[in-house]
Amino acid sequence: MTAARQGPEPPGEDDLATRFRDGDEAALREAYDRFGRAVLHLATTTLVNRSDAEDVTQATFVAAWLGRETFDPAKGSLVGWLLGIGRRKVVDRIRAAARETRVVETVRQLPEPVSTGPDPDTVVDRLVVADELARLPDEQRRMLELAFYDDLTHQQIAAVTGVPLGTVKSHIRRGMQSLKRRWEVDGAAPGPRPAGLSGAR
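Residues numbered from 1 in each chain as written. Predicted model: local features only at pLDDT ≥ 70, side-chain atom pairs only at ≥ 80, totals over all residues. Heavy atoms only, no water.

A.B. asks: Help me out: how do you make sense of the overall build of the protein in this one?
C.D. replies: Across its full length, the protein carries 8 helices and 0 strands. Counting from the amino terminus, the protein carries its helices and strands in the arrangement α-α-α-α-α-α-α-α. Taken across its 201 residues, the protein has 32% of its residues classed as buried. Carbon and sulfur atoms provide 53% of the accessible area of the protein, an area that totals close to 12,600 Å². (Helix = DSSP H or I, 4+ residues; strand = E, 2+ residues; numbered from the N terminus. Buried < 20%, exposed > 50% of the residue type's maximum accessible area, 1.4 Å probe, protein only. Areas by Shrake-Rupley, 256 points an atom, 1.4 Å probe, with all protein chains shown as cover.)

A.B. asks: Explanation requested: the packing of helix α6 (residues 138-148) against helix α7 (residues 154-161) in the structure shown.
C.D. replies: For any two helices packed against each other, one specifies the crossing angle of their axes together with the interaxial distance. Relative orientation of the contacting elements α6 and α7 amounts to 125 degrees, with a least axis distance of 10 Å. Between α6 and α7, the angle is such that the two are oblique. Our pair here, α6 against α7, has a crossing hand that is right-handed. On α7, the residues that touch Arg142, Met143, Leu146 and Ala147 of α6 are Ile157, Val160 and Thr161. Here the contact of α6 with α7 is built from residues that sort into 5 nonpolar, 1 polar and 1 charged. (Axes fitted to C-alpha atoms, helices over the stretch in contact; angles between N-to-C directions. Parallel < 35°, antiparallel > 145°, perpendicular 65-115°, else oblique. Left-handed = near helix turned anticlockwise from the far one by under 90°. Contact = heavy atoms within 4.5 Å. Nonpolar A, V, L, I, M, F, W, Y, C, P; charged D, E, K, R; others polar.)

A.B. asks: What should I look at first to understand the packing of aromatic side chains in this one?
C.D. replies: Two measures describe an aromatic ring pair: the distance that separates the ring centres and the angle between the ring planes. Under the counting rule described, the total for this entry stands at 4 aromatic pairs. With a centroid separation of 5.4 Å and an interplanar angle of 80 degrees, the aromatic rings of Phe20 and Trp65 are classed as edge-to-face. Placement of the pair is Phe20 in helix α1 (residues 13-21) and Trp65 in helix α3 (residues 50-66), with a sequence separation of 45 residues. Looking at Phe20, the relative accessible area reads 0%, which means it is buried. Every member of this aromatic cluster is reached through a ring pair, and the members are Phe20, Trp65, Phe71 and Trp81. Over the ring of Trp65 we find Arg68; its NZ or CZ atom is 4.2 Å from the centre of that ring. (Phe/Tyr/Trp six-rings, centres within 6.5 Å; stacked < 30°, edge-to-face > 60°. Lys NZ or Arg CZ within 6 Å of the ring centre and 35° of its normal.)

A.B. asks: Even after reading the chapter, I still don't get the pattern of salt bridges, so can you show me in this structure?
C.D. replies: Should the charged atoms of two oppositely charged side chains come close, the side chains can pair. Across all of its chains, the model carries 7 salt bridges by this definition. Linking Arg29 and Asp33 is a salt bridge whose minimum nitrogen-to-oxygen distance equals 3.5 Å. One end of the pair is Arg29 and the other is Asp33, both in helix α2 (residues 25-44) and 4 residues apart, which spans about a single turn. A salt bridge links Arg34 to Glu30, with the shortest nitrogen-to-oxygen separation between them at 3.2 Å. Taken as a pair, Arg34 and Glu30 lie in helix α2 at a separation of 4 residues, close to a single helical turn. (Salt bridge = Lys/Arg side-chain N within 4 Å of Asp/Glu carboxyl O.)

A.B. asks: What exactly am I supposed to notice about the nonpolar core here?
C.D. replies: For soluble globular proteins, nonpolar side chains are generally found buried alongside one another. Among the nonpolar cores identified, the biggest contains 24 residues, and Val90, Leu144, Ile157, Val160, Val168 and Ile172 are the most heavily contacted of them. Looking at this core, the elements with two or more residues in it are α2, α3, α4 (78-109), α6, α7 and α8 (165-186). Of the residues forming this core, the biggest block, 5 residues, is contributed by α6. In terms of nonpolar packing, the next biggest core, distinct from the first, is built from 15 residues, Leu16, Ala27, Phe35 and Ala64 among them. (Core = buried A, V, L, I, M, F, W, Y, C linked by side-chain atoms within 4.5 Å.)

A.B. asks: I would appreciate a short explanation of the packing of α1 against α2 in the present structure.
C.D. replies: Following both chains from N to C, one finds α1 and α2 inclined at 130 degrees, their axes separated by 8 Å at the closest point. It follows that α1 is oblique to α2 by the angle criterion. Classified by chirality, the crossing of α2 by α1 is left-handed. On α2, the residues that touch Glu13, Leu16, Arg19 and Phe20 of α1 are Ala26, Ala27, Leu28, Glu30, Ala31, Arg34 and Phe35. Split by residue class, the contact of α1 with α2 holds 7 nonpolar, no polar and 4 charged.

If you want it as structure tokens, here you go:
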């Protein structure tokens, strides 16, 4: 008796993926009709503003179309590839929003007359953190950058990266332990750690 196939591809998806990669504009439209809702759902589960989620969805398909030659059907499905691009676009949008928020808050808090410049200790702290983060393994560094620079929670990091929440917490915990050990050895941070690292939560 012939064993049943496990997880068959949706009808026509192989053909759609091939036509998409070959630059068939009709395939782009078909891919958007078939998978656009999945990308939009991914974006709306993380982004509060629906218009931002719609922008991310459009940006995902634009990026996919422009980079279609990098899609390798042997490495995964077209929808999986699109969702991967979508996650990166969500991260980009969250980072952009965080930067905009920081700029607005900074402007609001500027004293009169305007300060002559940032606190040198704060600048040094951030440079030390950036240098130490660069020495960490890729995954630990990525999680801590999202927590430190973008002030994301563990749950948000898991949502935008697709990494399980427990793994996110583990990466952040090990990364923080590595930073602490290096600071203690180097004497780079004898006082409290920079306030930005409180974002790792």
